[in-house]
Amino acid sequence: MSKIQQDITQALDCIKSGDTVLVGGFGLIGAPLTLIDGLTERDVNELTIVSNNLGESGKGLGILLNQNKIKKGIGSYFTSNRDVGDKYQNGEIELELLPQGTLAESLRAGGAGLGGYYTTTGVGTDLAIGKEEREIDGISYILEKAIRADVALIRAHKADTLGNLVYYKTARNFNPLMATAAKTVIVEVDEIVEAGELNPEEVVTPFIYIDTIVKAQQVLTKEGVVTV
Amino acid sequence: MTVQLNKSEMQHAIAERVAQELEGPCIVNLGIGIPTLVAEYMTEDNIYLHTENGLLGVTDVDDEAIDPNLVNAGKMPVGEAVGASFFNSSDSFAMIRGGHVDVAILGALQTDENGVIANWAVPGKNIMGVGGAMDLLVGAKKVFVTMSHTSKDGSSKLLKKCTYPITSTRQVDMIFTELAVFKVTDGQLKLVDLMPGVTIEEVREKTEAAFTE
C-alpha cells in the first residue's frame, strides 16, 4: 500500500483528542506547516504537543494554541510566542520546560526503546526539582525520562516512495528524532521521488520509521509562510 | 575624560574584546545578543562556529543569499562555511554535552563571585524558555560570559550571590563587561583587564562581587 496521501485531512485522521503529538521544527524552520494547518481544521482538542517552541504568535503551532486545542506544551523555548505566556498566566495551558539538549535526547531515547538516561544538564538548577539525582564515577547526573508519542508530524526535504528521507540545511533539527519516537509518523516534503533515486549513503531517516507522506502546500519563504 | 559609549557601541566593544581571547584551532558556540557580534571581530581563520540548531561552520550571509531555512540559534539568517555540516538536535547537543565544543560564549543576567551565572529566568515572571543554555554550561570546555556590568538602576550585576535562578553550578571561565574583564580561577574572580577609559575605582564601586586585582 502506498504511503503517499494526497488528502491532508485524511492523513491526519489518526490524531484523536487527548493524544500526544510530536511536532518538528525550530520555530517555523523545519516545522510541518501544512500538517499543522490541517490539524487546525480538525475537531481534536486536549492535545499534548511536544515541540521546541509553540510556533510564533498566530503562526504554525500558534494557530492551534489560539484555538485552545493544546492542553499541555513540552518544549525548551516558549518565549518566541508571547501568546503562550498569556495562556499560561490564565491557567489555560500546562507547560513543561526542558533544556533543548534534554528535549532532543529524550526523543532519541524514546525512539531507541530506552526508558530514560542520566544527564549533567540541569543538575543543581530549578529544572532538576523532583528529578532523581545520582552520582556516577564522581559526577552528579539527573534522570530524564524518554519521550514517546501517539503521532509525530515532521518536515523533510525529499522522500522516496518508500519513505526514506533527506532534509534541508537547518530545517533538519528535531525532525529525524521525532520520526523515531511515535506510533504513527507523518512527514511532509517538498518533493517525492521514486525509490532508488535517493543515494542510500545520504538517506538520513530510513523508511522503517515513516507511515504517511504528504506534499507540502505551505512553505516558509523569505516573505514568510506561503501556500504553493 | 571618559568617552560615553551608547549601548550598541558598548556591546561591540565587549564583543571585540572577547574575540581577542579566541585562539584557533577551535570550535566556538555563540549565544544570542552580544555573543553573536563576536563573529565580526574574529581574525583567525581556523575558528569554526557551531550553532545548536544543527550547523557546524556558520558564516555571515549576504542579503541576496538569505535562505529562510538556514539560520542560527537566534533564528537569524546565516551562511555555511567551507567544510560545514548539518546534523540533528540530538547530535548537536551530544557535541555540546560531550565536551567537543571548545568555547561557549553566553549572555548573562547575573554572575556571582564564584563565577556561577543566572541567564534563563527572572523571579516573579513566567519561566518560558531555557533553550540550550544549561547544556552549554555543563558541556563546553570553556565558557565566556558577556554582560552589562550594572542594571538600569546602577546596581551591580556581579553579585556575591545570584538572586535569579542559576543556569548551572558550573563556574564560567571569563566574564566580559563594558567596564572590565575577569578570569575565574578556583572559584575566585580576578580582574585581568580594564576596558578603555575605565578606572579601577569605577570597577570597585560598581562591583558587589569580591575580586582580586
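Structure first, text after, so check above.
Residues numbered from 1 in each chain as written. Chains lettered and ligands numbered in written order. Predicted model: local features only at pLDDT ≥ 70, side-chain atom pairs only at ≥ 80, totals over all residues.

Some remarks on the overall build of chain A
Thinking step 1. Helix and strand counts for chain A come out as six helices and 15 strands.
Thinking step 2. Against the compact-globule benchmark of 17 Å for 228 residues, chain A has a radius of gyration of 18 Å, which places it among compact chains.
Thinking step 3. For chain A, the C-alpha atoms occupy an extent of roughly 50 × 45 × 35 Å along the three principal directions.
Thinking step 4. Each of the 228 residues in chain A was classed as buried or not, and the buried ones make up 50%.
Thinking step 5. The long-range share in chain A, meaning contacts at least 24 apart out of those at least 6 apart in sequence, stands at 71%. (Helix = DSSP H or I, 4+ residues; strand = E, 2+ residues; numbered from the N terminus. Rg over C-alpha atoms; globule rule 2.2 N^0.38 Å. Buried ≥ 20, exposed ≤ 12 C-beta atoms within 10 Å, placed from the backbone. Contact = placed C-beta atoms within 7 Å.)

Considering the overall build of chain B
Thinking step 1. Each helix and strand counted, chain B has five helices and 13 strands in total.
Thinking step 2. Along the longest, intermediate and shortest principal axes, the C-alpha atoms of chain B span 45 × 35 × 30 Å.
Thinking step 3. Every one of the 213 residues in chain B was classed for burial, and the buried ones make up 45%.
Thinking step 4. Across chain B, the fraction of contacts at a sequence separation of at least 24, relative to all contacts at a separation of at least 6, is 61%.

Observations concerning the sheet that holds strand E6 (residues 110-112) of chain B
Thinking step 1. Here we have three strands laid out as an open sheet, ordered E7-E6-E9 (chain B), and mixed in their pairing. Both edges of this open sheet fall to strand E7 (117-118) and strand E9 (158-159) of chain B, since each of them pairs with a single strand only. (Pairing = 2+ DSSP bridges.)

Notes on unusual backbone geometry
Thinking step 1. The omega angle of the peptide bond from Gly 24 of chain B to Pro 25 of chain B is -5°, so this bond is cis rather than trans.
Thinking step 2. Relative to the elements of secondary structure, Pro 25 of chain B occurs in the loop between helix H1 (7-19) and strand E1 (26-30).
Thinking step 3. Phi is positive for Lys 169 of chain A, close to 45°, though the residue is something other than glycine.
Thinking step 4. Checked against the element boundaries, Lys 169 of chain A lands in the loop between strand E10 (165-166) and helix H6 (175-178).

A closer look at the interface of chain B and chain A
Thinking step 1. Contact residues are listed per partner, giving 33 residues for chain B and 40 residues for chain A.
Thinking step 2. Sorting the residues of the side of chain B that touches chain A by element identifies helix H3 (89-97) and helix H4 (133-139) of chain B as the ones contributing at least two each.
Thinking step 3. Taken together, the residues that form the side of chain B that touches chain A break down as 15 nonpolar, 13 polar and five charged. (Nonpolar A, V, L, I, M, F, W, Y, C, P; charged D, E, K, R; others polar.)

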